[in-house]
Amino acid sequence: MKKTDNDTQLKFPQKLLKPIKSFLESEIVRLKRTEKGIKRSDPFSDPGRTLENSSEEDADEQIGHFEAQVKARFVTKQIVQLRRALSLLKIGKYGICESCGKMIDTDRLAIHPGVTVCIKCEKEREK
Ligand SMILES: [Zn+2]
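Note that the structure is a prediction, hence the values are computed from the model and not measured. (Residues numbered from 1 in each chain as written. Predicted model: local features only at pLDDT ≥ 70, side-chain atom pairs only at ≥ 80, totals over all residues.)

So, the overall build of the protein chain
Condition: Put simply, DSSP marks the helices as runs of H or I at least four residues long and the strands as runs of E at least two long, and each gets a number from the N terminus on. Radius of gyration: over C-alpha atoms. The globule rule applied is 2.2 Å multiplied by the number of residues raised to the 0.38 power. Each residue gets a C-beta atom placed from its backbone, and two residues are in contact if those atoms lie within 7 Å.
Within the protein chain one finds 4 helices and 0 strands. When its helices and strands are written in sequence order, the protein chain yields α-α-α-α. Radius of gyration (C-alpha) of the protein chain: 21 Å, far over the 14 Å computed for a compact globule of 127 residues. Summarising the internal contacts of the protein chain: among those between residues at least 6 apart in sequence, 59% fall at separations of at least 24.

As structure tokens, then:
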């Protein structure tokens, strides 16, 4: 049985999906490594950390811990986003806006391969 091509269905060019998939996968690996590094840099995760710090050292640790948390949260968010784009890719919905169902601008995807909403919907969300 011959598979019929549905030309009316909006889809991201198939031949582009493979490099995007490997890009997303390698980005996730890279970010996970970054995430681990950040967690290691958190003074709170230092096993040699003494609990009898001077208040000055304590403040430094607090700042370091805060910074690590902010960075880690940012990286984790990116990983989640990339994983989402990857799962959409696997079900053949990559490049289609999750909100409005329209094709996401390819220029936008070229810059941010992990995006899952079009620029219009993203702006709506930010409101
Ligand atoms: Zn949209």
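Text resumes after the structure shown.
Concerning the packing of helix α1 (residues 14–41) against helix α2 (residues 55–90)
Selection rule: Lines fitted to the C-alpha atoms define the axes, with helices restricted to the stretch that makes contact. Angles between their N-to-C directions range from 0 to 180 degrees. Comment on the angle field: the value is read as roughly parallel under 35 degrees, roughly antiparallel over 145, roughly perpendicular from 65 to 115, and oblique elsewhere. Working rule for handedness: look at the near helix, and if it is turned counterclockwise from the far one by less than a right angle, call the crossing left-handed; if clockwise, right-handed. Amino acids are sorted into nonpolar (Ala, Val, Leu, Ile, Met, Phe, Trp, Tyr, Cys and Pro), charged (Asp, Glu, Lys and Arg) and polar (every other residue, Gly among them).
Put simply, α1 and α2 touch, their axes get as near as 9 Å, and they point 160° apart. Here α2 runs roughly antiparallel to α1, going by the angle between their axes. Between α1 and α2 lies a crossing whose hand is left-handed. Residues belonging to the contact of α1 with α2 are distributed by class as follows: 14 nonpolar, 4 polar and 8 charged.

So, α2
Put simply, the rule reads: A helix is expected to reach a length of 1.5 Å times the quantity of its residues less one. Working definition of burial: number of other C-beta atoms within 10 Å of the residue's own, with buried at 20 or more, exposed at 12 or fewer, and partly exposed in between, all C-beta atoms being placed from the backbone.
Compared with an ideal rise of 1.5 Å per residue, which puts 36 residues at 52 Å, α2 spans 52 Å between its outermost C-alpha atoms and is within 8% of the ideal. All of the buried residues along α2 are Val75, Leu82 and Ala85. Where the residues of α2 are buried, they touch α1. Positive phi appears at Gly92, one or two residues downstream of α2, with a value of about 75°.

Looking at the domain arrangement of the protein chain
For clarity, the cut-off: Where each domain starts and ends follows an automatic or database-derived domain assignment.
Partitioning the protein chain into structural domains gives domain 1 (15–45 + 52–92) and domain 2 (95–127). The distance between the C-alpha centroids of domain 1 and domain 2 comes to 22 Å.

Re the environment of Arg73
Mapped onto the elements of the fold, Arg73 is located in helix α2. A tally of 12 C-beta atoms within 10 Å means that Arg73 is categorised as exposed. C-alpha of Arg73 to C-alpha of Asp42: the two residues are 31 residues apart in sequence and 13 Å apart in space.

Quick word on the environment of Ile63
Secondary-structure assignment places Ile63 in helix α2. On a C-alpha basis, the gap between Ile63 and Pro43 in space is 9.1 Å, while along the polypeptide they are 20 residues apart.

With respect to the environment of Gly37
Structurally, Gly37 can be placed in helix α1. As for Gly37 and Ala72, which are separated by 35 residues in sequence, their C-alpha atoms are 9.2 Å apart.

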